[in-house]
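In case you want the letters, here they are:
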Amino acid sequence: AALFLCILMSILILWIEQISGLGWDNERLQILKGLFSPTFSFHDVVVYLLLIQNFGIHINKINGPTWTIAVEWQIYFVFAILLIPIWRRLGLLYTVAIAFLGGITLNYLLGEASQNVHPWFLGLFALGMAAAEISFSQKPSLIRIKNSLPWSRLAAVFACLAFITEWLRFELVTGIDEWIVHHFLALGTACFLIYCTNFVMNDKPLPPAVRLLESPWVVGLGIFSYSLYITHAPVVWLVHQLLLSFQLSPSIMAVKWFLIAVPLSILVG
């Protein structure tokens, strides 16, 4: 549906451009590179339908953010063919370790191509699997782990490490790769999931600081958040292009872009 929406928008945009002579500002479009593009080929559409747009030059075509869907789709096959059999034979710890090492090894073997393929996501998905098993397993060893570790503190520590390493990356500190930030963030997320699930499993209300996540507005947004994620790019792109024609100052441009693009993205999503 998101792909069909992008195709319709592209046809409309190119038609308006043809009959009105309105041209998009290609120079200023560079800041939105990878978000959305109204010019693409039938071959690009086929690539997106096959969910292999994270390979080669297709990652910035049609609907940029959906490269993650391709990664997820490919990892589902790895889970079914490789990780679940390993998990059944060797257990959770070995499965997570193999997923971590396999993803990081592929990251360096693939070179520059790994920035599109993101093979280290395999370890991140395995952490989600680990959080689920620790939360719901009846195995004595995992129950002891669930009840003994300070999950909330661990979540806070890993989240802080993720923000610090990401900040250092923005400061162009060498030696800090993207996969390091992602693993810290995934570790924090896994710990946070176990922490919250413990309350649910014991029929206890979440702490006040976390209870916001159960509010009707947040839950409602969560219900269609995936649709919002895969449809926001063309909306944000189009609002940006239309605002450029008004010759606004950068600050006014940013405010109007935010006030228009965010609610419109939510509405479309």
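Presented here is an overview of the structure given in this document. Quick caveat, the model's predicted, so the values are computed rather than measured. (Residues numbered from 1 in each chain as written. Predicted model: local features only at pLDDT ≥ 70, side-chain atom pairs only at ≥ 80, totals over all residues. Heavy atoms only, no water.)

1. Digging into the side chain of Ser137
Argument step 1. Considering the arrangement of structural elements, one finds Ser137 in the loop between helix 6 (121-136) and helix 7 (140-148).
Argument step 2. Excluding its chain neighbours within four sequence positions, the residues that come into contact with Ser137 are Leu142 and Ile143. (Helix = DSSP H or I, 4+ residues; strand = E, 2+ residues; numbered from the N terminus. Contact = heavy atoms within 4.5 Å.)

2. Things to note about helix 1 (residues 2-20)
Argument step 1. Between the first and last C-alpha of helix 1 there are 27 Å, a value that for 19 residues agrees with the 27 Å anticipated at 1.5 Å per step.
Argument step 2. Among the residues making up helix 1, those that are buried are Ala2, Leu3, Cys6, Met9, Ser10 and Ile13. Burial along helix 1 is one-sided: seen end-on, the buried residues are contained in an arc of 120°. Facing away from the buried side of helix 1, by more than 90 degrees, are the exposed residues Phe4, Ile11, Gln18 and Ile19.
Argument step 3. Where helix 1 is buried, its residues touch helix 2 (42-49) and helix 12 (225-244). (Expected span 1.5 Å × (residues − 1). Buried < 20%, exposed > 50% of the residue type's maximum accessible area, 1.4 Å probe, protein only. Arc of directions from axis to C-beta.)

3. Comments concerning a nonpolar patch on the surface
Argument step 1. Taken together, the side chains of Leu221, Val255, Phe258, Leu259, Ile260, Val262, Leu264, Ile266, Leu267 and Val268 define a hydrophobic patch exposed on the protein surface, amounting to about 880 Å² of accessible area.
Argument step 2. Topologically, Val262 is positioned in helix 13 (residues 250-268).
Argument step 3. Residue Val262 is classed as partly exposed on the basis of its relative accessible area, which comes to 35%. (Patch = residues over 30% accessible without salt bridge, like charges linked within 9 Å, V, L, I, M, F, W, Y side chains within 5 Å. Areas by Shrake-Rupley, 256 points an atom, 1.4 Å probe, with all protein chains shown as cover. Salt bridge = Lys/Arg side-chain N within 4 Å of Asp/Glu carboxyl O.)

4. Some points on the packing of helix 4 (residues 92-110) against helix 6
Argument step 1. Relative to each other, helix 4 and helix 6 sit at 165°, their axes nearing to 8 Å. Our classification of the angle between helix 4 and helix 6 gives roughly antiparallel. Two packed elements cross with a definite hand, and for helix 4 against helix 6 that hand is left-handed. Contact residues: Leu92, Thr95, Val96, Ala99 and Phe100 in helix 4; Leu122, Gly123, Ala126, Leu127, Met129, Ala130, Glu133 and Ile134 in helix 6.
Argument step 2. By residue class, the composition of the contact of helix 4 with helix 6 is ten nonpolar, two polar and one charged. (Axes fitted to C-alpha atoms, helices over the stretch in contact; angles between N-to-C directions. Parallel < 35°, antiparallel > 145°, perpendicular 65-115°, else oblique. Left-handed = near helix turned anticlockwise from the far one by under 90°. Nonpolar A, V, L, I, M, F, W, Y, C, P; charged D, E, K, R; others polar.)

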